[in-house]
Amino acid sequence: MKTVTLLHNPKAGGKEHTKGELVELIEKAGYKCLYFDVKKNGWDKIAPETEFLAIAGGDGTIRKVIIKLFENKTMYPVALIPLGTANNISKSLNITGSPEELINSWKKGKTINFDIGRITGPDKPGLLLEGFGVGVFPELIHVMEKAKTPGYQTPEEEMETAIKTFSEICKSIVPVSCTIEIDGKDYSGDYILAEIMNIRSIGTNFDLNPAGSPSDGIMEVILIPEFQRNELAAFIQHKSIFNFTTVKAKHVRITWKNAFAHIDDQLTEVKAQATTEITIDSGLQKFIVP
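Residues numbered from 1 in each chain as written. Predicted model: local features only at pLDDT ≥ 70, side-chain atom pairs only at ≥ 80, totals over all residues. Heavy atoms only, no water.

Describing helix 7 (residues 229-238)
Test applied: Buried means the residue's accessible area, taken with a 1.4 Å probe over protein chains only, is under 20% of the maximum for its type, while exposed means over 50%, and partly exposed covers the values in between. Under the scheme used here, helices are H or I runs from DSSP no shorter than 4 residues and strands are E runs no shorter than 2 residues, and both carry numbers assigned from the N terminus. Along the arc lie the directions from the helix axis toward the C-beta atoms.
Those residues of helix 7 not exposed but buried are R229, L232, A233, F235 and I236. Viewed end-on, helix 7 has its buried residues packed into an arc of 160°, placing them on one side of the element. Away from its buried face by more than 90 degrees, helix 7 exposes N230 and H238. Looking one or two residues past helix 7, K239 carries a phi angle of roughly 55°, positive in sign.

Re the packing of aromatic side chains
Cut-off, in case you're wondering: Only Phe, Tyr and Trp rings are paired, with Trp represented by its six-membered ring, and only when their centres lie within 6.5 Å; those with planes under 30 degrees apart are stacked, over 60 edge-to-face, the remainder tilted.
This model, assessed by the stated rule, comprises eight aromatic pairs. Measuring from centroid to centroid gives 5.5 Å for F52 and W106, while their planes differ by 90°, and the two rings are edge-to-face. A residue pair is termed long-range when its members are at least 10 positions apart, and F52 in strand 3 (residues 52-57) and W106 in the loop between helix 4 (99-105) and strand 5 (110-120) qualify at 54 residues. In terms of burial, F52 and W106 fall into one category: buried. Measuring from centroid to centroid gives 5.1 Å for F114 and F287, while their planes differ by 70°, and the two rings are edge-to-face. Pair noted here: F114 is in strand 5 and F287 is in strand 14 (residues 266-289), with a separation of 173 residues, a long-range link. The pair formed by F114 and F287 is uniform in burial state, with each residue classed as buried. Site record: aromatic cluster; members linked through ring pairs are Y31, F52 and W106.

Quick word on the side chain of N205
The condition is simple: Under the rule applied, a polar contact is a pair of N or O atoms within 3.5 Å (in protein, one hydrogen donor and one hydrogen acceptor; residues adjacent in sequence only if both atoms are side-chain atoms). Two residues form a contact once any of their heavy atoms are found within 4.5 Å.
In this structure, N205 sits in the loop between strand 10 (189-197) and strand 11 (219-225). At 3.0 Å, the side chain of N205 forms a polar contact with the backbone oxygen of A86. When residues no more than four places from it in sequence are discounted, the contact partners of N205 are A86, N88, K91 and M159.

Structural notes on the layout of surface pockets
Unoccupied space between atoms shows up once a probe the size of one water molecule is rolled over them. Threshold: Residues are called lining when one of their atoms sits within 4 Å of a cavity or pocket point, these points coming from a 1 Å grid over the protein atoms alone, where a cavity is a set in which a 1.4 Å probe fits but cannot get out and a pocket is an open set with protein on both sides within 12 Å along at least five of seven lines. Grid points are joined across faces, edges and corners, and a volume is the space filled by probe spheres set on the points. Residue type decides the class: Asp, Glu, Lys and Arg count as charged, Ala, Val, Leu, Ile, Met, Phe, Trp, Tyr, Cys and Pro as nonpolar, and the leftover types, Gly among them, as polar.
What the second largest pocket holds in volume is close to 360 Å³. For the second largest pocket, the lining is made up of 16 residues, of which R63, I67, K124, P125 and G126 are closest to its centre. Of all the elements in the fold, those that place two or more residues in the lining of the second largest pocket are helix 2 (59-72), strand 5, strand 6 (126-128) and strand 14. For the lining of the second largest pocket, the element with the most residues is helix 2, which contributes four residues. Partitioning the lining of the second largest pocket into residue classes produces seven nonpolar, four polar and five charged.

Details of helix 5 (residues 136-147)
Rule in force here: Helix span is expected to be 1.5 Å times the residue number reduced by one.
Taking 1.5 Å of rise per residue, the twelve residues of helix 5 would be expected to cover 16 Å, and the 16 Å separating its terminal C-alpha atoms lies within 8% of that figure. Within the span of helix 5, buried status applies to V136, F137, P138, L140 and I141.

Observations regarding the environment of H8
On the secondary structure map, H8 appears in strand 1 (residues 3-8). Relative accessible area serves as the criterion here: at 1%, H8 is assigned to the buried category. Discounting residues that sit within four places of it in the chain, H8 has contacts with H17, T18, K19, L22, Y35, F36, D37, V38, A56 and L83. Of note is the side chain of H8, whose polar atom sits 3.3 Å from the backbone oxygen of H17. One polar contact links H8 to Y35, side chain to side chain, over a distance of 2.7 Å.

With respect to the state of the cysteines
Under the convention used in this document: Pairs of cysteine sulfur atoms within 2.5 Å are identified as disulfides in what follows.
On inspection of all chains with the given rule, the structure shows zero disulfides. Sulfur of C170: no disulfide; nearest cysteine sulfur belongs to C178 and is 15 Å away.

Describing unusual backbone geometry
One non-glycine residue, N87, adopts positive backbone phi at about 55°. Along the polypeptide, N87 turns up in the loop between strand 4 (78-82) and helix 3 (88-92). Owing to a relative accessible area of 11%, N87 belongs among the buried residues under this scheme. A positive phi angle, near 60°, is found at N94, a position not held by glycine. Structurally, N94 can be placed in the loop between helix 3 and helix 4.

What follows is the structure in structure tokens.
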């Protein structure tokens, strides 16, 4: 019998996805299940008999686990039970379905590679799973955090608020002056959005990179200048057609100042000038997919 270590964010997914329910489903599928709450200390002490990990939570939980595994140098294949609002990582891997459906798919599932970016600056060196950017999206994170909105009743309510706020920011944001080098070529300019993406979407399913794959050893850089601000707002709010500039990349160097930036869902405020470099590292993590 294979041993699965379940790393669970009990605050994700509502009351229907409890510890007891998830453990029962995993054991019913024929596994021995070791349970850890990622909100409590000691969850990262993975038992040696573990054959793979199951992460039950959203994108933030996945990022938390993967980064800690790299820090501990204890990498395992990972199966996902997406319980978050957006679930951008799982959707980019085509992992969708109920917890029961996904757990039952593990035995016949395949293991695929997932690229991870190595990032330096503006803070200490780190890892990039989803994306890095300046402009509209980090400004959205800042506005939503500053508003301190009470808990949303449903994921749909949170997504509707984010879409409306994103659209409003698009129409008023001051472009960020960026010096950008992509694989040795200059793409410098003033942009309301400059996003370096490893997966298809960011935030609450802002699908800026629909053709992107996290398993191809390539990032996509999305560059949107000021004159396209209304098109971007319409694209996000109404899912209209929008042909924006996308550049394939293995290495990106970007310098900017006086603007927020984000690494995945983490916000950084830069008042002086800052430089970030990102290099994609192919297939560092392995995920089990249906």
